[in-house]
Every structure is written in C-alpha cells, then in structure tokens.
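Coordinate analysis (summary)
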Amino acid sequence: MNKSIIQLNKLLNIFFLEVGIIALTLAILFFLGKSIGHSWPLFSFGLGLYIFWHLYHLLQLLKSLSSQQMLQASIKFGIWKEIWIQLQLFQQNSHSQKNDLITDLDNYRIFINKIPDAVIIINTKTNEQKNIIEWFNKSAQSTFNLKKKKHTGSHINDLFTELAEYDFSSLKNNKKRMTIHSPTDQNKIYSLRIIPYHKSFKLLLFRDISRIYWVNKMRKNFIANVSHELRTPLTVISGYLETFETHFKKDKKYLPAIQSMKQQSLRMNHLIQDLLVLSKLESDTGKLKRKKLIDVPEIIRSIIKDTQMLTDNKYQIEANIDNSLMLLGYENEIQSMVSNLINNAIRYTPAGSTIKIAWYSENKNIFFSVNDNGEGIEKQHLQHLTERFYRVDKGRSRSEGGTGLGLSIVKHILNHHNAKLKIKSQIGKGSQFICCFNKLG
Ligand code: ADP
C-alpha cells in the first residue's frame, strides 16, 4: 500500500480514538451526573474542560510557530502529539530543502565565478527602470573594473554605451551574438551573448575575441591595401598592352601572346575590383549609411537589357516583375546583387537556355529569384558557394571570367539588408537563387 495512505489511515485511527475517548468520557460524566440529578451541568463541565485543553495547546502551538525556531512539542500524547510530530517533520523537510538550495546556489556562484568569461546578470523588467545590473562575476569585476556597491543597481547602458539602442526584450535579438568594445579599454573586443533565463532576467556572457578581431581587421586592411595598390600598375600594364596590340596588329608571332596577356590583365582587374567591393562591404556595417527607397524593378529591367545586349540575345530571359514593389536599402549594393546573380545564370547555362527572373512579394517578405535550366550544382557544394573563391569547377569559372567572389559579395549585401540567400539546385535541371527580404527592411 502507498506510504501516504498508510500514514492517513494511522492519523484517522488516532482521530477516531480521540473522538471515542472524549465521547466515552462525556457519556460517563452524563450518567454520573444523572445519579446526582445534574447530568447536563456535569456534561457541559467536561466538554468545557476538553475545549479549554485544546485551546491551551493551540496557544502553545501558535507560540512555538511564531518563535520561528525548531518546534518543541508541548504535549506527548493523543491527537496533539501527532499534530506536533507532523509539523516537526514538515519543518525538518523544509529546512533540509532550504539547505540543499543554499548549497546549490553556493556551488552555482562558485562555478560562475570560476568561468573565465565575464558574466553580468541584468533585470529587464524592474518597475522604475529597465536593464538594471543585478549581479556580476569576479571576471566581470576585473575585466570591466566593476565595483559591487557602485555598479549593482546601475543601468547597463551607462556601462556599455553601444547597448543604448539595444532592445533586450526582442526574442530575435537574444539569439544573436554581437561585438562590443570594453568600456575600460577600446582595444579589447568582446563577443556578447544574451541568454534569457527568466522572464525578467538576462545573462550577458562576454567572451574576449580581441586577438581574432584585430587579426581579422589586419587581414581585411591588408587585402584592401594590396588590391588598391595593384590597381595603378595594372592600369599602366593594360594601357601598354593596348598600345602593343595596335602596334603588332599584323604580327602573328607576338599578337596571340599580347592578347593573352590582355585577357589575363582584364581578369586581374575584375578580381581586384571584386576584392575591393568585398572589403568595402566587410568594413561597412551599414550603420553610417541611410537606407533609401529603391526602384528595384527599374534596376532589374536595366540589367536584363544590358545582359541581352552583351549576349547577343542568345538567352531567353523571362521576367516576372511586380512594378509597384520598392525596397528600402542601398542602391549600389542591390544593383551589384542583381547583376551578380543574373551574370552567374548566364555564365553557367549554355546559350539558348531560359532564365527566369522574378521580383515579387509573399506574406511579409519580398523575393528576388533567378532560375536557370543549366547544368545544376551537386548538393555537397551548395553550403560552400558563398565562401570566397569557392568554385565547383575552377577551370570553368576562370574561362567564363569568374572571380569566385560573386556569391560572397551577394551574401554580404544580403546581410546588410537583413535578408537571406537560398540556393536550390538539381544536377541536369538547373539552379535557383532566391533572395528573401523582410518587407519592413
Ligand atoms: P564565380 O565568379 O566563379 O562565378 P561565384 O561566387 O559567383 O563565383 O560562384 C561560385 C560558384 O558557384 C561558381 O564558380 C559556380 O561553380 C557556382 N555557381 C554559381 N552560380 C551558378 C549557377 N547559376 N549555376 C551553376 N553553378 C553556379
């Protein structure tokens, strides 16, 4: 039988025994009273005495409870003995639970203080103010020079000005990692992760990424500088090659070599241009520029027209464009995205194929899609296509004048617009590149 049922049965037995004893006592008093002609007064006296006895022990119990100390039984028999035992058991259980909780909390504090990353807990829903610092670990104290008395209860935005505009209540934001400067040392960069663990509390986890950040910055600057520096000598070389080409027009010995050099310098030029575009996109977080309402249908139409001219109308281009659909964004970037995707469709599709271009809206999203019925891409390549210099077929890309940077540029542009790129492809059937924008920008 269940333990609690046994316990309940035991208590019921004690209760009925108590009721039995008092009923018997009162009956005896009643009949004794009858023999002397005072049955009801004697019965009432017994009942009163019994009630008084209960009230007395009730008072003892109240006294003991209000003392907030360990309960001391005032009586060791009958129903009151059982009441005291049950209450003492209850008190012991809650004490041991409390001790367990305190131990857990201490362990948790020790653990969180041992974490080398800085941890700050903020309360996002206090009555008067929002985003108040509640607690921080030892690492946060030393990293950001925090003082318990001074900073507990202060505003997180006062410490990190970069968080002034940050919406902690947005669920979408909670999943993101953001890069943040240390308030005490601008050379120190942290990756901040916001972890909600209660409806009012958020845990901010700061990981030092200064080394990787500065190495990355150096790499980006290096690529940008090298590309920039190469532009001038390349322009000079291209200029001379033009002259040589005219000069050796009829010379069968040198002309092919000059033409090949010209082609290669053109390729290098494209590569440098793409590298410069990419490094500009990488260094530009989009914070400084203002988004404008762009006439995307016009951009698409103009690029289709240029493409048809350059390819001598060798492709059948079908466009399904919603002319009323504008986009809030950066015009040059959208132009580059459209032209990169259309150029790719042309580059990797044999002449005579059909390319379908669409600009439309569905629910809360706006889509730009380019479909081709070219060779298609094997599944294992799809996730790598937006990496720099990733090509499925290097030779093919080079011979078609590709740089391997087009889709990487597209991805960065989409990031600036909070948009996503989806690639679907089937070998032998063709590929589909879909850019998905949020209507609200
Ligand atoms: P590239 O300059 O080489 O075209 P991209 O970054 O634009 O560089 O594209 C990366 C690779 O993705 C290409 O080399 C090609 O292998 C593949 N690719 C891109 N678009 C298509 C397409 N429409 N059909 C087939 N393959 C494609």
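Overview of the overall build of the protein chain
Helices and strands together make up the secondary structure of the protein chain, namely 14 helices and 12 strands. Taken along the three principal axes of its C-alpha coordinates, the protein chain extends 150 × 50 × 40 Å. With 441 residues in all, the protein chain has 17% of them scored as buried.

Considerations on the environment of Arg347
With respect to the secondary-structure elements, Arg347 resides in helix α11 (residues 331–347). A tally of 16 C-beta atoms within 10 Å means that Arg347 is categorised as partly exposed. Spatially, the C-alpha atom of Arg347 lies 88 Å from that of Lys10, the residues being 337 residues apart in sequence. Those residues within four positions of Arg347 in sequence are excluded, and the remaining contacts are Glu400 and Gly402.

Topic: the packing of helix α10 (residues 296–310) against α11
For the pair α10 and α11, the least separation of the axes is 10 Å and the interaxial angle reads 35 degrees. Here the hand of the crossing between α10 and α11 comes out right-handed. Contacts between α10 and α11 involve Val296, Ile299, Ile300, Ile303 and Thr307 on the former and, on the latter, Ile334, Gln335, Val338, Ser339, Ile342 and Ile346. Here the residues of the contact of α10 with α11 are counted per class, giving 8 nonpolar, 3 polar and no charged.

So, the site of the ligand
Around the ligand there are 22 residues in total, and Arg391, Val392, Ser397, Gly402 and Gly406 lie nearest to it. Among the secondary structure elements, those contributing two or more residues to the shell around the ligand are α11 and α14 (406–416). Looking at the shell around the ligand residue by residue, the classes come out as 8 nonpolar, 9 polar and 5 charged.

Thoughts on helix α8 (residues 210–247)
For α8, built from 38 residues, the straight-helix expectation of 56 Å at 1.5 Å per residue is met to within 8% by its first-to-last C-alpha distance of 55 Å. Of all the bends in α8, the greatest reaches close to 30 degrees and is centred on Arg231; the proline Pro233 follows between one and four positions later.

So, the confidence of the model for the protein chain
Within the protein chain, residue pLDDT values average 90, and 97% of them lie at 70 or more. Mean pLDDT across the secondary structure elements of the protein chain bottoms out at helix α7 (residues 171–174), with 64, and peaks at strand β10 (residues 365–372), with 97.

Details of the sheet that holds strand β7 (residues 316–321)
Spatial strand order, β7-β9-β10-β12-β11: 5 strands in an open sheet with mixed pairing. Pairing within the sheet leaves two strands with one partner each, and these edge strands are β7 and β11 (420–426). Recorded for the sheet is a direction-independent mean angle of 10 degrees between the axes of neighbouring strands. In terms of strand pairing, β10 meets strand β12 (residues 430–438) through 8 bridges, oriented antiparallel. Among the inter-strand pairings, Asn371 is bridged to a residue of β12, identified as Gln432. Sitting on the sheet, α10 is in contact with β7 and β9 (354–362), with an inclination near 175 degrees to β7. Of the strands in this sheet, β9, β10 and β12 touch α11, which is tilted by about 25 degrees from β10.

Details of the pairing of strand β1 (residues 118–123)
Burial along β1 is one-sided: Ala118, Ile120 and Ile122 are buried, while Val119, Ile121 and Asn123, pointing the other way, are not. Across 6 bridges, the pairing between β1 and strand β5 (residues 201–208) is antiparallel. Bridging from a neighbouring strand, Ile121 pairs with Leu203 of β5. Relative to strand β2 (residues 132–136), β1 runs antiparallel, the two being bridged by 4 bridges. Across the sheet, residue Asn123 finds its bridge partner in β2, namely Ile132.

Here's the deal with the sheet that holds strand β4 (residues 189–196)
Strand order in the open sheet made by the 5 strands is β2-β1-β5-β4-β3, with antiparallel pairing throughout. One side of each edge strand has no neighbouring strand; the edge strands of this open sheet are β2 and β3 (177–181). Across the sheet, the axes of successive neighbouring strands diverge by a mean angle of 35 degrees, strand direction being ignored. Of the pairings in the sheet, the one linking β3 to β4 comprises 5 bridges and is antiparallel in character. Bridge pairing in β4 links His181 to Ile189.

What to know about unusual backbone geometry
We note that Asn363 has phi near 50 degrees; this positive angle belongs to a residue other than glycine. Locating Asn363 in the fold gives a position in the loop between β9 and β10. By C-beta crowding, Asn363 is classed as exposed, having 6 other C-beta atoms within 10 Å. In the Ramachandran plot, Phe389 falls in the positive-phi region, its phi being about 60 degrees despite a non-glycine side chain.

A look at α11
Here α11 is 17 residues long and its end C-alpha atoms lie 24 Å apart, about the 24 Å a rise of 1.5 Å per residue gives. Here α11 has its buried residues at Glu333, Ile334, Met337, Val338, Asn340, Leu341, Ile342, Asn344, Ala345 and Ile346.

Things to note about the pairing of β5
For β4 and β5, the ladder comprises 7 bridges, and the chain directions are antiparallel. From the neighbouring strand, Ile195 faces β5, where its bridge partner is Leu203. Between β4 and β5, which pair antiparallel one after the other, the connecting turn spans 4 residues.

As for the environment of Asn371
Mapped onto the secondary structure, Asn371 falls in strand β10. Under the C-beta neighbour-count criterion, Asn371 is labelled partly exposed, with 18 such atoms within 10 Å. As a C-alpha pair, Asn371 and Ser431 span 60 residues in sequence and 5.8 Å in three-dimensional space. If we skip the residues at most four places from it in the chain, Asn371 touches Ile355, Lys356, Gly430 and Gln432.

Here is what the cut-offs are and how they apply
Residues numbered from 1 in each chain as written. Predicted model: local features only at pLDDT ≥ 70, side-chain atom pairs only at ≥ 80, totals over all residues. Helix = DSSP H or I, 4+ residues; strand = E, 2+ residues; numbered from the N terminus. Buried ≥ 20, exposed ≤ 12 C-beta atoms within 10 Å, placed from the backbone. Contact = placed C-beta atoms within 7 Å. Axes fitted to C-alpha atoms, helices over the stretch in contact; angles between N-to-C directions. Left-handed = near helix turned anticlockwise from the far one by under 90°. Nonpolar A, V, L, I, M, F, W, Y, C, P; charged D, E, K, R; others polar. Near = placed C-beta within 6 Å. Expected span 1.5 Å × (residues − 1). Bend = angle between axes of the 7 residues up to and from the residue. pLDDT = per-residue confidence, 0-100. Pairing = 2+ DSSP bridges.

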